[in-house]
Structures are given as structure tokens and as C-alpha cells.
Amino acid sequence: MFLLFSSIATCWVLLSVQSLQGGSNDTQLASKAEESALDHWSFKPLTRPSVPRVENEQWLGNAIDAFILAKLKNEGVRPAPQADRRTLIRRLCLDLLGLPPDPSRVQAFLEDGQPDAYARLLDRLLASPHFGERWGRHWLDLARYADSDGYEDDRHRPNAWRYRDWVIDAINRDLVFNRFTIEQLAGDLLPAASEQQRIGTGFLRNSLLNESANDADNEEFRVKAAKDRASTMGTVWLGLTIACCECHDHKYDPFTQRDYYGLYAFFNDVDDVDLKLPDGIARVVQATQRESHLHIRGNFLQRSDKVEPHAPGRLSVFRKSGPRADRLDLAHWLFEPTHPLTARVAANRHWQHLFGRGLIATPEDFGVQSEPPRHPQLLDWLATEFRKGQWSRKKMIHMIVTSATYRQSSHHRPELAKNDPENELVARQNRFRVEAEIVGDLSLAVSGLLQDRMGGPPRQPPFPAGLAVDVLKREKLLEPSRGSDRHCRGIYVNVQRTFPHPMLTAFDVADANQACTRRERSNTPIQALSLLNGPGVMDCASALALRMLNNGQVSKDLVRYGFEFCLSRPPSRLEQQLLTDLFNDLRQLYEINPSAADQVVGGAALGQTPVAQYAAWVGVARTLLNHEEFITRE
Amino acid sequence: MHLPFIRGDFLKRREFLTGSSAAAGMFALRSLLRQDRLLASPGSTLPLQNPLAVKPSHFVPRAKNCIFIFLAGGTSQVDLYDPKPELNKRTGQQLPESFTEGNRFSNIKLNESYLMGSPFRFRPRGECGTEISELLPHIGSCADDIALIRTVHHHAFSHGPGELEFCTGKDLPGRASVGAWLTYGLGSECQNLPGYVVLVNDRAPVTRALSWGSGFLPSVHQGVLFRGEGEPLLNLTRPAGVTRNVDRRQLDAISRLNQARYQQVGDPEIMSRIAAYEMAFRMQMAAPDLIDLSQETTAALSAYGIDRPGSPGNFSRNCLLARRLVEQGVRCVTICQRRWDFHEDLFGRISDACQTVDQPIAALLKDLKQRGLLDSTLVVWGTEFGRTALTQNSKPTKKSGRDHHPFAFSLWMAGGGVKGGQVVGRTDEFGWLPVEDPVHLNDFHATMMHLFGLNHEELTFRFKGFDFRLTDIAGKVVRKLVS
């Protein structure tokens, strides 16, 4: 989450006293950096590696597996066996939709003996509108999307969500990655730009904004926003930590201060405007022209040489379409056939979201300081494949999830833990806790409370009790939503930059102040308290219990039914026994404490079920919702 | 198979179960016993052990607990701890070039920056006579317990890397924090609270959770962030109708279900999750007592300055909570506040900031001492770097500020086996570079570990084929600091 610092850290620059005086020796420094750094693998032109020939064809699903298997053989390691079908459908549903499969779907998949059962499942998931919510959220992390301005005032942004919905929709219709990019960086500059294409430039509007700045500071914050846009572009498309070049040439990577201000100049040529829509307003940008300069030591008041908008031709040839380069030229530069980074960075990100870890573990840094990849050929092959597939995100995902590599079991392999603790070889799938938003989505989904409505203005689920009123006031939070809005998917929860929802914070939600390329995955007592006692927990547990009661006749079936709903598999004998015992004990506890049972049930209509039994089932449901496996993608 | 932390709880559970209703107690006990049988059944080969179990130190420790005060932003040694009469005399002149050769800066342009003395007076404090600024009168009164180090240095001059260097011993993300190393090395003597607690005042450090993170160490060692106001933690209160017995029964089921899964898939994160749930339960029991300050005397409360409104009162509360946490056996408490980055208007702002922290920190030292806890509690004044003797790109004025300065700055330690009443290290006439006894942060950390009876070169964690340690590849214990 805090990768900015690695960037700062990897590039402090030794400033000789002379270089403080201005940019006169830029070229010298640049050529020095170039010499050593352009040799680095990620800056070399992208070529398509040939697929290794390996035996064990039984295991091979597609070309990905050949790369993986070749390396594993080298290391004397066997791949893990394929995960069972229940795990596979759950994994695929969580990775592609962020929602658990309905037990009936699991059953249907188990019973589907056709060889293309997995392929058809995959097609269905890729066509689901929830796919856009899941993969849209990944993109919003990078886009530092928020529903508020940031800084101290942090005012609400009532129309930011139009961009969020644009992203979801674009991903659902598989707007290919180059078009997806162009519309966000330069949608307004496209010939006869449509309303939708202009809304894409909301990407740029996600910068922080200091409304309370006085006039003297306005220019400073405008410049800051332009720099944020340049740095974000560097992180998201180039996988480079260019923010440090605001002050100085990159120490390790072939990126100079002049390159940085060349990019900055594109975004300095931007004005923020509102686009009037039939049903409201979208936040977009329009082109303007300003003179841009190098800022000595990054200080916007200390201008030195004038800089024209340009992209670093050292990485890939940069072409201007007119006398002055614009953002459209910049976007096209990213997709030049010779560009070494865009495809590698994007391909790595797909892998990351499907394995919990990128082939390059530092998606924000492909530079000289990054760890060399264990599967460089595979990454390059995927990158060329992405390009070959016309930059289709869905094709890319299809390719990865149909590999045998993806379908491996995620069970730990103690024999590999010593030499490959991070599973860099990919000799199994990874097993990891799902992201903050998905943690909440899962509870709402299995309890049947999840709001159907997609898109629209942000919702504010209730805050935990004890968040004092004055805190709410100070943080200028939205009033908690009512009705089903409380039960929206996490992606629709109001993103207040300075005060994200505590439940999301507990589970390492992205920091919306800067592009977030990967989430942390902490494991804390705070999370336990949030899942045990947080707001909405009992709503979900009660609804799940009711679901169980409505569907089962005898207690044994109820356990099984609830278990399958939550975990997509039947309980083992041991698990069945544990939960049946739990039910019996809780029922006894509630029988001797009817008022507690009443508090749990809260007067809900129960038909024939005694209150103590219902309360006990709520307890069983709360237990299931706290199972480690429930919030884990295996 | 050992399950000490859960077993320990078993007795407590039995107490309250039998204490509630006889019937409930009996069946619950039966069911608990049944579960224990289940756990002990043949074929159950869980390598389950409490990752926070107390571990022996390498040699006899002087300190048991740590209070790590982290004043992020960069506290100005020139104005607080390292008096420079020569600098005061030469205010307005430029720094001789010989000082800056090979130096790096964050924001400074040397040709536009000028020497700037401190307007604040220093005088000798305590019997030892350590010179401390008038901005810190209360801390000055504890001079005889404080070992002031004026020559701390490293090379990271931005906040992010600097914070990580100070908190984890390395300027890159991914390493474990000091507190995490301590619980990893020694475990925790506290069964009801996390081994490592973090209290934040105002704003968190820019590296937020990384500054108290566990890096490659198991996540159970990361600091647990307490809230600054009200209940220390959100979601401590059980939902309506979920009685303690009901909750405990469900927690047992959760734990056993997770153990069953662990046997299937072998993911160590499951064990962390089980430990996290156990800790959550115990925190629910202990936290209300922890924050109940009614047992404190009014004299104590006002000594800390808790009645002060807003941020100062909150900082005071955190200092008092730190003492209470240490009393409970919490291994490490970090008190952090990000406020000290005064690139302009330094004099006014540092006065305010000092007023917030001076009284409560001194009260904490005196309180610990009076309770006989200071001998076993190491208290650290920390910051990621100091500040320049130069203005930042301007002629010196009342509104000037100072830039970051990692080449020589001041930290102090007190208690926990530290030899108080001394100054270690001497800097040049501008406080620019160490001239005597330079102490690298790795040395500082090595000394901290030494006070806890840990050899910093032996306390390692193997990751990616390397034996990582807090002190990276350097660090020497500063013997002078140890009493």
C-alpha cells in the first residue's frame, strides 16, 4: 500500500553542489544513467520468447504451463496437483466476480461431465456484470479513486462516481486496454469525442484538490495536481517510480528530471471542467496550453529551463501529431510496438490479481532496483500475448485461468517453503485472504442481503458504535445510508480520503491518496473484532440463519446447507459434529437466557421455530461468517 | 501438542462459566472437555503453539518493556538538544563549503540558505548538567535519567525512507519494526492485550502501518493500532444477545474449525488468524479496565496534563496509557505523532509542539520511576532525522524553517538499563556532522536490543535465503549507554 516510499528510497540522489545550480548537466547525468540502466531487462524491447518444449504433456494446459514447468523441472520441483472442482469454481468466482458461487451452481458444475464445463463456467463469469465490479475495483486502486477531495478539508465529491461507473462499464464491455487507456488520458482529444469518452478523463480528475487553499496557494495546488497526474501515469503504465524525478534525475533508472517535466507538461496543459449530462454532472478535463518549466528541486516557484510536452524517446519512439504534443500523442506512445514497459506492466498486473502476487512482486517498480523475475520469459510471452490479443482484458484473463498453473491446488508444500517461501516458482496456487471490500461482499452475499443495484452515487454503510459524533462531524462524513443501500457492494462504499470506513481500513483497503498497486494482507485481532462485532454482522448472521431455517428440516441438514452456502463445500464429519454441538450448546444457553435470545431474534417472524433455536442458528451463522476459510480465496 | 494460550484461558473460562449459571456451566464444561478430547485425539498433529509465548533472551536483560515515542517529521536538535553558540553568532552567514561536500539535501539550495542559530536558550539541567532547551523544561528536569545522544546519523533524507530507517532499521519497505522484533525475540508476557500496541496522536507517520509493521516476520508481531479517543478499539462490544458465554462458545468453534482447515491445507496464516481471534476475545475483557482512568489519582492525571483540551490532552492520555500497558506486560508501546516537519515558521510551531509533548513525556518518566518500572522500561525519544542549521532557501527571519538533516541529530534513551545523566557524542560548531562518537541508527538499534538481552546479530529471521536482522548488516552496541 505504501509503495511510494520504495520509490523515494530507491532514488535519493546524490546531489553534487554543481547540480544544485540548475539543469545544465542533465544530459551528462542522463547519459550516465542510460548507459547502465538501459541494459536492464524491463527496458529492453519486448520480443516474443519461444515456448519451451517440456514433457509431462498430461499436465500442460497451455503455453503458460510450458514456461512454468520448464523452470520447475530445472529446479527439480513438481507442480502441485489440480485443485478439486469445488475449489476451482469458488476460486474462479472470487477472482472474477468477487462473489461466492451459489451452492446450486457448485452442484451443477460438479455434475457437468462435459470436457468444456470449465470453459463454459468461465464464459458465464466473464459475461457477468459483476466482473466489471471486481476488476473495476482493481483499476480504481490504481486510479486513486475517491469520493472526496483529500487534504484537510476533504470535501465530498458528489459526482466522482460517474467515473467509477465508467470504469465498471468499460471493463464489462471489454473496452480493450489501449482504448481504455486513451479514453482516460485523452478521451476529450479524440475526434468527435463522445460523452462517455470524455467521462473517462475523470481518471485525471481523481487528483487531490485543496478547495480551502487561498489564492496564493491555488497555483501551487494546481501544479501539484499536474505532478500527481504525471507520477500516477508513471506508476500505472510504466511501472516506474518517477515521482522522485520531480526533484532530480533518477539515480538508477533511465529517467531524468527533464523526462519528468516533459510528462508534467502534458498535464500542465489541462483544465478541470464539469461536463453537463442529461441527468447530472461528470468531472472531466479539457485541453489548454501553458508554458511548462523544470522546477529546481521540485519547487514550482523556482523555474529553470522551458520544457515542451514530450515523452522519453529513450524508452520508445515518441511521435507528435502536431506542432505541440498533446495527451493523445502520449497515450499512443504507450502503445508503440517498441514500447518495452506498458505491456509487461499490464500483463504482470493480470497475473497478480489471479495469483495474489505478480511475476514481478513490485508492480509499481520494474526499474533497476526491482527484484529480477523468476519467470522472465513467461512475463514477456504474456505481454506479447496481450498485444496479440488486441489488448483484450478478458482474453488475457481467459488465457491465464485456463492454464494448469492457475488450476493448481493452493495447499502449502512444506518441502518448498525453505527455498521458495514466496512461491515465486508458482509450484502451487496461492491461498490468501480476500480484499477488504470482498470481505464485506461475501457476508452480504451468503446472507442474501447484498443489494442488487449496480452503480450510482456512493453509499455510506453504518459506522461502528463508539465512533463519536464529533469524529463524524470533524471528518465531514456522509450520513449513514438507509434501507438496502447499507448492503451495497464494497466498491460502492463512500471513499472518504482522510477517513475510509473503519471496517475497510481494518482489512487494508487501498489508500486513495496515491495510486495503490498492491494491497497489504494483514491478519489482526482488529479484523476479528470487526467480523465478530462490527455493524451489520448480526444482520447478516440473522439473514443467513433464516435462510438455513427456511431450507432445512432437521438440524443436520441445516448445518450442511449453511456450510455449503458459505464455503462452497460440504462439511467434513468433524466439522459437521463441531457445528452440531455448537448448535446444541447455544440452544441450551439461550433456553436458560430467553431475554438474550429475544435480543438476537429481535421479534422476527419465526413460524414454528422456538426463539432459542433461532437464536442458536444465528450463532452458528455468525460462526460460519467468521471461519477463516470464508474470507479466503484458496 | 501445546496450546498454552488457549489452555490458559480454559481455566478462566471455567471460572466464569461456573460462576454464571450452574446448568450452563455444567454443559459448557462438558462441551469444552469434549473439545479437548477432540484436540487430543490420535492423528491430531497440529504444530500449534502460541507464537507470542515468552522466549528466553540471549543473556540477562536489563529492559523488559519498551515505550517508543516517535515524533515524526524530524525534531530540530539545534533548537532542542544540541546547543550551538558559534552557530548563533554566525546567523546570516553562509555555511563553509567544506561542510557540505558530498552532502545531499531534500529541499535546500545552498547558495540561498544561511546559517540560523536557535533563539531558544539552553541551560544545564539536573546534577549531570546536560544542556537542554528551554522548550523542554519538564524533560530537562529528568536529565539525570536521560542518556542524550547528539550524533545519531544515517543517510535517508526523505520522510518515508527516514521513518522506515528509524522504525525498521532499513530505508526500504518490507522489514520488521523494532516492536515486532521485540515480540518476535521475547514473546509477550501479556495474555490479554497484544504484545505490541500503537497509539497515534494527531496524524500517523507517513509510512503508517509500515512503521509498526512486521515485514517478513509473521503478521502476529505487527503493532496493533489503538484508537486515540473513546474506547481504545472499535467493535469491542458484543452484539445484543451475544452473551459472553455464547461468544466464547462460538469462538471455540471458530478456533476448532480453523484448526481443522489448517490440517487440510497447512497455511500458517490460519494459525495467525486463530491467534488473532483469541487475542480479540482477551482484549474485550482487558480493554475496558485499561482505559478506566478512574483508578488514577487526580494528581497523576494532572501531572500528565490530561485535562488539556484537544491534541495535547490526547498526547497526555497516550503517555498514561503507555504506562498502563507496560504495567500489563505489553512488550512494546509506540506513541507516535507526525507534526515536526517545520520547513517554515519553525520557531512558533516547534514551541507549540513542545508544549504538547514535554509535560506528558516527563510525567511518564517520573511515574515509571516512582512505580519502580523505569529500571525495566526503556523509553526512547525518537524521530526520523534532525533539521539543518541552515534556513531553507531564505535569509533568516522569525518565520524561517529548517530542512531535513540525517547526518547528525539527537535522540535519547532513558530507563531499562540505560546509564542516564550523560551525553554521548559531540557535533561540530554547527551541529552539521559528528566529530566524536558517531552513532549510526544501526548502533542505536543494536544497543536497544542489547538492553533487552538480545544479541542483534543473533536475532535473525530467515527469509529468501538471507538471515535478516533489525540492524541490517551493521550495528555496534554503544557500551557507554549501558549502565
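Residues numbered from 1 in each chain as written. Chains lettered and ligands numbered in written order. Predicted model: local features only at pLDDT ≥ 70, side-chain atom pairs only at ≥ 80, totals over all residues. Heavy atoms only, no water.

**Here we look at the overall build of chain B**
Thought 1: Across its full length, chain B carries 15 helices and 17 strands.
Thought 2: When each of the 483 residues of chain B is scored for burial, the buried share is 64%.
Thought 3: A separation threshold of at least 6 residues defines the contact pool for chain B, and within that pool the share at least 24 residues apart is 79%.
Thought 4: By element, 52% of the accessible surface of chain B is carried by carbon and sulfur atoms, the whole surface being about 16,900 Å². (Helix = DSSP H or I, 4+ residues; strand = E, 2+ residues; numbered from the N terminus. Buried < 20%, exposed > 50% of the residue type's maximum accessible area, 1.4 Å probe, protein only. Contact = heavy atoms within 4.5 Å. Areas by Shrake-Rupley, 256 points an atom, 1.4 Å probe, with all protein chains shown as cover.)

**A closer look at empty space enclosed by the protein**
Thought 1: This structure, assessed with the given rule, holds seven cavities of 30 Å³ or more.
Thought 2: Of the pockets and cavities examined, the largest cavity occupies roughly 210 Å³.
Thought 3: In terms of lining, the largest cavity is formed by 23 residues, of which the most central are Pro525(A), Leu52(B), Pro194(B), Val220(B) and Met279(B).
Thought 4: When residues in the lining of the largest cavity are grouped by element, the largest group, four residues, is from helix H11 (residues 268–291) of chain B.
Thought 5: Considered class by class, the residues forming the lining of the largest cavity number 12 nonpolar, 10 polar and one charged. (1 Å grid on protein atoms, 1.4 Å probe; cavity = no way out; pocket = protein on both sides within 12 Å on 5 of 7 lines; lining within 4 Å. Points joined across faces, edges and corners; volume = space filled by probe spheres on them. Nonpolar A, V, L, I, M, F, W, Y, C, P; charged D, E, K, R; others polar.)

**A word on the nonpolar core**
Thought 1: Ranked by internal contacts, the top residues of the largest apolar core, which has 257 residues, are Leu96(A), Trp139(A), Met233(A), Trp351(A), Leu382(A), Trp381(B) and Trp412(B).
Thought 2: Counting residues per element, this core draws most heavily on helix H14 (residues 346–370) of chain B, which supplies 12 residues.
Thought 3: If we ignore the near neighbours within four places in the chain, the residues touching Trp351(A) are Ile64(A), Ile68(A), Gly356(A), Arg357(A), Gly358(A), Leu359(A), Leu378(A), Leu382(A), Ile400(A), Thr405(A) and Val426(A). (Core = buried A, V, L, I, M, F, W, Y, C linked by side-chain atoms within 4.5 Å.)

**Topic: the confidence of the model for chain B**
Thought 1: Within chain B, residue pLDDT values average 87, and 87% of them lie at 70 or more.
Thought 2: Within the model, the stretch residues 1–48 of chain B combines pLDDT values under 50 with 71 contacts to residues more than four positions away or in other chains. (pLDDT = per-residue confidence, 0-100.)

**Some points on the packing of aromatic side chains**
All names here are of chain A.
Thought 1: What the rule picks out here adds up to 37 aromatic pairs over all chains.
Thought 2: Note on Tyr-163 and Trp-166: the rings are 6.2 Å apart at their centroids and 15° apart in plane angle, and the pair reads as stacked. Linking Tyr-163 with Trp-166, this pair stays in helix H8 (residues 161–172), spanning three residues, or about one helical turn.
Thought 3: What links up through ring pairs into an aromatic cluster is the set Trp-139, Tyr-145, Tyr-163, Trp-166, Phe-177, Phe-180, Phe-203, Trp-237, Phe-335, Phe-386 and Trp-391. (Phe/Tyr/Trp six-rings, centres within 6.5 Å; stacked < 30°, edge-to-face > 60°.)

**Quick look at the packing of helix H6 (residues 117–127) of chain A against helix H17 (residues 393–401) of chain A**
Residue and element names in this part refer to chain A.
Thought 1: Put simply, H6 and H17 touch, their axes get as near as 11 Å, and they point 150° apart. For the element pair H6 / H17, the angle class is roughly antiparallel. The two elements H6 and H17 meet at a crossing, and its hand is right-handed. Contact residues: H6 offers Tyr-118, Leu-122, Asp-123, Leu-126 and Ala-127, while H17 offers Lys-394, Ile-397, His-398 and Val-401. (Axes fitted to C-alpha atoms, helices over the stretch in contact; angles between N-to-C directions. Parallel < 35°, antiparallel > 145°, perpendicular 65-115°, else oblique. Left-handed = near helix turned anticlockwise from the far one by under 90°.)

**A closer look at the side chain of Asn348(A)**
Residues and elements named next belong to chain A.
Thought 1: The topology assignment puts Asn-348 in helix H15 (residues 342–355).
Thought 2: Judged by its relative accessible area of 0%, Asn-348 is buried.
Thought 3: If near-sequence neighbours (up to four positions away) are discounted, Asn-348 is found in contact with Gly-358, Leu-359, Ile-360, Pro-363, Phe-366 and Leu-379.

**Let's talk about the pattern of salt bridges**
For side chains bearing opposite charge, pairing can occur when the charged atoms are close.
Thought 1: Taken as a whole and assessed by the stated rule, the structure comprises 77 salt bridges over all chains.
Thought 2: Of the charged contacts in the structure, one is a salt bridge between Arg319(A) and Glu336(A), with a shortest N-O distance of 2.7 Å. In this pair, Arg319(A) is assigned in the loop between strand S4 (303–307) and helix H14 (327–334) and Glu336(A) in the loop between H14 and H15, connecting sequence segments 17 residues apart.
Thought 3: Beyond isolated ion pairs, a larger network of salt bridges with shared partners links Arg431(A), Arg569(A), Glu575(A), Glu628(A), Glu629(A), Glu634(A), Arg261(B) and Asp267(B). (Salt bridge = Lys/Arg side-chain N within 4 Å of Asp/Glu carboxyl O.)

**A closer look at the state of the cysteines**
All names here are of chain B.
Thought 1: All told, the structure shown has zero disulfides over all chains when counted by the stated rule.
Thought 2: The cysteine Cys-332 is free of any disulfide, with Cys-66 supplying the nearest cysteine sulfur at 4.3 Å.
Thought 3: In this structure Cys-332 comes out as buried when scored by relative accessible area, which is 0%. (Disulfide = S-S within 2.5 Å.)

**Overview of the environment of Cys245(A)**
Residues and elements named next belong to chain A.
Thought 1: Inspection of the secondary structure assignment puts Cys-245 in the loop between helix H12 (215–238) and helix H13 (257–268).
Thought 2: In this structure, the C-alpha to C-alpha distance between Cys-245 and Gln-257, residues 12 residues apart in sequence, is 4.8 Å.
Thought 3: Cys-245 has contacts with His-250, Phe-255, Thr-256, Gln-257, Tyr-260 and Tyr-261, leaving out every residue within four places of it along the chain.

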